[in-house]
Amino acid sequence: MKTFADLGVESKIINGIEELGFSKPMPVQEAVIPHLLAINPRDLITLAQTGTGKTAAFGIPLIQNSKGKPKFVKHLILSPTRELCLQIADDLRDFSKFKDEVKITAVFGGSSIDKQILNLKNGAHIVVATPGRLVDLQNRGKIDLSKIETVVLDEADEMLNMGFREELDEIIKNTPKERTTLLFSATMPNEVLEISKRYLKNPEEITIGGRNVGAENVSHEVVLVHARDRYLALKRIVDFHPEIYGIVFCRTRNETQDIAEKLIKDSYNADSLHGDLSQAQRNAVMNKFRIKHLKLLVATDVAARGLDVDDLTHVINYNLPDELEIYTHRSGRTGRAGKFGSSIVISNLREKNKISDIEKQLGKKFKFTEVPSGKEICTKQLFHLIDRMEKVTVDHTQIDSFLPEITKKLEWLDREELIKKFVSLEFNRFLDYYKNLPDLGKPDKKDRSKRREQFDGDMTRFFINLGKKDNLKPTDIIGIIKDNLSFKEIGIGDIDIKETFSFFEIESDYQEELLKNVNTKNFRSRKISLEVASKRKNDRQSSGSRNRNPRNENRFSKRKKSGKDSESQFKPAKRKLRRKK
Ligand code: ADP
Ligand code: MG
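From a predicted model like this one, the values you see are computed outputs, not experimental measurements.

Novice: When you look at the overall build of the chain in this model, what are you seeing that I'm missing?
Specialist: Within the chain, the regular secondary structure consists of 24 helices and 20 strands. When contacts within the chain are restricted to residue pairs at least 6 apart in sequence, those whose partners lie at least 24 apart make up 78%.

Novice: Where do I start with the packing of helix H10 (residues 230-240) against helix H11 (residues 253-265) in this structure?
Specialist: A pair of packed helices is characterised by two quantities: the angle between their axes and the separation of those axes. H11 packs onto H10 with a crossing angle of 55 degrees between their chain directions and a minimal axis gap of 12 Å. When the axes of H10 and H11 are compared, the pair comes out oblique. Seen along the crossing, H10 lies across H11 with a hand that is right-handed. Of the residues in H11, those touching H10 at Tyr231, Leu234 and Lys235 are Ile259, Lys262 and Leu263. For the contact of H10 with H11, the residue count by class is four nonpolar, no polar and two charged.

Novice: I'm lost on the sheet that holds strand E3 (residues 104-107) in this one. Help?
Specialist: The strands making up a sheet are joined through hydrogen bonds of the backbone, oriented either antiparallel or parallel. Here we have seven strands laid out as an open sheet, ordered E3-E4-E2-E5-E6-E1-E7, and parallel in their pairing. This sheet does not close on itself; its edge strands, each paired only once, are E3 and strand E7 (204-207). For this sheet, the mean angle separating the axes of adjacent strands, direction not counted, is 15 degrees. Where strand E2 (residues 75-78) lies against strand E5 (residues 150-153), four bridges are found, and the strand directions are parallel. Pairing of Ile77 across the sheet is with Val152, part of E5. Sheet strands in contact with helix H2 (residues 27-37) are strand E1 (44-47), E5, strand E6 (180-185) and E7, and its direction is about 170 degrees off that of E1.

Novice: Where do I start with the pattern of salt bridges in this structure?
Specialist: Applying the stated rule across the entire model yields 26 salt bridges. We note a salt bridge from Arg93 to Asp90, for which the minimum N-O separation is 3.7 Å. With Arg93 and Asp90 both in helix H4 (residues 82-95) and three residues apart, this pair spans about one turn of that helix. Classification of Arg93 as partly exposed rests on a relative accessible area of 33%. Put simply, Lys391 and Asp387 hold a salt bridge, and the shortest N to O gap is 3.1 Å. Of this pair, Lys391 and Asp387 both sit in helix H16 (residues 374-391), four residues apart, roughly one helical turn. Using a relative accessible area of 64% as the deciding quantity, one classes Lys391 as exposed. It is possible to trace a salt-bridge network through shared partners that takes in Lys469, Asp470 and Arg526.

Novice: Got a minute to help me understand the packing of H10 against helix H19 (residues 415-435) in this structure?
Specialist: The contact between H10 and H19 brings their axes to 14 Å, and the two run at 145 degrees. As H10 packs across H19, the resulting crossing turns out to be left-handed. Between H10, through Leu232, Lys235, Arg236 and Asp239, and H19, the contact on the second element is made entirely by Phe430, Tyr433 and Tyr434. Of the residues belonging to the contact of H10 with H19, the class tally is four nonpolar, no polar and three charged.

Novice: Please explain the sheet that holds strand E9 (residues 246-249) as it appears in this structure.
Specialist: If you walk across this open sheet you meet the seven strands as E10-E11-E9-E12-E13-E8-E14, and the pairing is parallel. The open sheet has two edge strands, strand E10 (270-273) and strand E14 (367-369), and neither has a second partner. Each strand axis lies, on average, 25 degrees off the axis of its neighbour in the sheet, ignoring direction. Pairing analysis gives four bridges linking E9 to strand E11 (residues 296-299), with the strands arranged parallel. Within E11, the position partnered with Ile247 by the bridge is Leu297. Against the sheet, helix H15 (residues 352-362) makes contact with strand E8 (218-224), strand E13 (341-347) and E14, and its axis sits at roughly 170 degrees relative to E8, the strand it touches most.

Novice: Looking at this structure, I do not really get the site of ligand 1. What am I missing?
Specialist: Around ligand 1, the surrounding shell holds 17 residues, and the nearest of these are Lys24, Gln29, Gly51, Thr55 and Asp308. At 3.2 Å from an oxygen atom of ligand 1 is found a main-chain nitrogen or oxygen belonging to Gly53. Expressed as a share of its isolated accessible area of 570 Å², the protein-covered part of ligand 1 is 85%. Taken together, the residues of the shell around ligand 1 break down into four nonpolar, seven polar and six charged. When residues of the shell around ligand 1 are assigned to domains, at least three fall in each of domain 1 (11-207) and domain 2 (218-373).

Novice: For this particular structure, what's the right way to read the pairing of E8?
Specialist: In regular strands, side chains alternate between the two faces of the sheet. Buried residues dominate E8, accounting for six of its seven residues. Taken together, the seven bridges between E8 and E13 define a ladder with parallel strand orientation. In the sheet register, Leu224 faces E13, and the bridge partner there is Ser347. Alignment of E8 against E14, held across three bridges, turns out to be parallel. Paired with Val223 across the strands is Thr369, a residue of E14.

Rules used in this analysis
- Residues numbered from 1 in each chain as written.
- Chains lettered and ligands numbered in written order.
- Predicted model: local features only at pLDDT ≥ 70, side-chain atom pairs only at ≥ 80, totals over all residues.
- Heavy atoms only, no water.
- Helix = DSSP H or I, 4+ residues; strand = E, 2+ residues; numbered from the N terminus.
- Contact = heavy atoms within 4.5 Å.
- Axes fitted to C-alpha atoms, helices over the stretch in contact; angles between N-to-C directions.
- Parallel < 35°, antiparallel > 145°, perpendicular 65-115°, else oblique.
- Left-handed = near helix turned anticlockwise from the far one by under 90°.
- Nonpolar A, V, L, I, M, F, W, Y, C, P; charged D, E, K, R; others polar.
- Pairing = 2+ DSSP bridges.
- Salt bridge = Lys/Arg side-chain N within 4 Å of Asp/Glu carboxyl O.
- Buried < 20%, exposed > 50% of the residue type's maximum accessible area, 1.4 Å probe, protein only.
- Near = heavy atom within 4 Å.
- Polar contact = N/O pair within 3.5 Å; in protein donor to acceptor, adjacent residues only side chain to side chain.
- Areas by Shrake-Rupley, 256 points an atom, 1.4 Å probe, with all protein chains shown as cover.
- Domains from an automatic or database assignment.

Here it is in structure tokens:
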């Protein structure tokens, strides 16, 4: 087994990474570090799953190759999101703690450009950048890429997904031809292959742990439900895992916000992370999640990309991603650093084909499970409670003085009765909530005809200026909807065709896109005019059940008073809070 010293890493850096607890190199580091430390290294494509230690693999040699006063930027790391930029820059600063002449600076959107310009002016060996902001700085003449020796494209697949292709062109054409280019990616779709052909010369290719293979320590489960029961299923899954610490992935910002709000109302420790939040809000949420003050982070894929949290117990796919490769990324957030994790997909029948596509890609089978029944959840919670009771530390010096009085007061109760009462105190609310709730049924094929049942969330009702006199048929309306949306499998509700106009409903998430695209189009040479008629709340699951929710009525108010509830389930984080911002 090699050590970092065997790979040629200098002692100052070894001291830094030892403080982080890196005792031996991970496989991707064993491959990439000596490669980059060699004189005139070849270009390199590295395919490795998330959590395999890619940052240190390129970061350590770049730090070692940074010497003297930072007159020019020598190494450029491009990364798709602000969070990742900050994370990489932080990691690199940690690695170079005992080599503090190395200057690292991060430039990314959503934050003052003037401050970043100043940082660049003060000199940096290594710049970590999002493509958009870097192009901006280039256009203002604030960064000189002409002396660049190394370009790292981190999470290349995601940069392309986010549409940064032109920016990459714009950046790379300003770097010297003799540069070394490294591309890191968890997956290798064709676009990445194409990009690697454009920017890399005769690259060496390293694959760690097989292409597109899900992390080994992750179990994959599917829970089949009616689409309208998605949220209820989510709650049950969470209730069934009292120690859950995980990310709930949603497809859109709206959905992310909506689910997080519902969970918060129902008194779960949850919050959302998505692109509409300010940088300060995002940092606050992420820090709360890292120190486990939040147990559920509801996030979009982009927001959660690369988030470096090691001990997630669960990844929940509230909806499947539009692209299969994204599933690999999502599930790779758990099962990291030698721990086990589960990736759970909440799915309706319509998505079953997608599941088998993912199985093929992962080379792994999903376990089909049912939403836990109320009884199962109660049993699980009960044992969890008893377990906590058994393990709780008793502070004898404090409690003993009260004991005589307490004992006297409870004299009339025998042991069994006493246990029942204590347990009921904590547990009645759970029992009450679940006792009359039916189990969530498994959907069957018959349901597919019921179009309205196939989605959840809010619906928007549209008015359209076409009707029977235009010979308009429901299929025409469906055609108009699908032709004008990038995502095709959306929920379509009632279609009501009148004489000279019509109404139809679609999921509210797609309202803006549809309006924007349709209003410039014609239908059989008549100009289409579309307007929002009204919004219908799909409240089947919120109103009735919310009031009966034990967490809602009692737990929340109790927690507000005592502030203890979250702590009793979650031990204070032992891990040092690594992100300072
Ligand atoms: P990737 O970029 O491949 O998704 P990261 O570089 O974010 O992975 O690393 C994942 C986690 O592994 C981080 O928490 C990091 O600190 C840790 N790590 C990296 N290298 C080592 C090592 N050699 N020993 C122990 N932990 C490591
Ligand atoms: Mg990474």
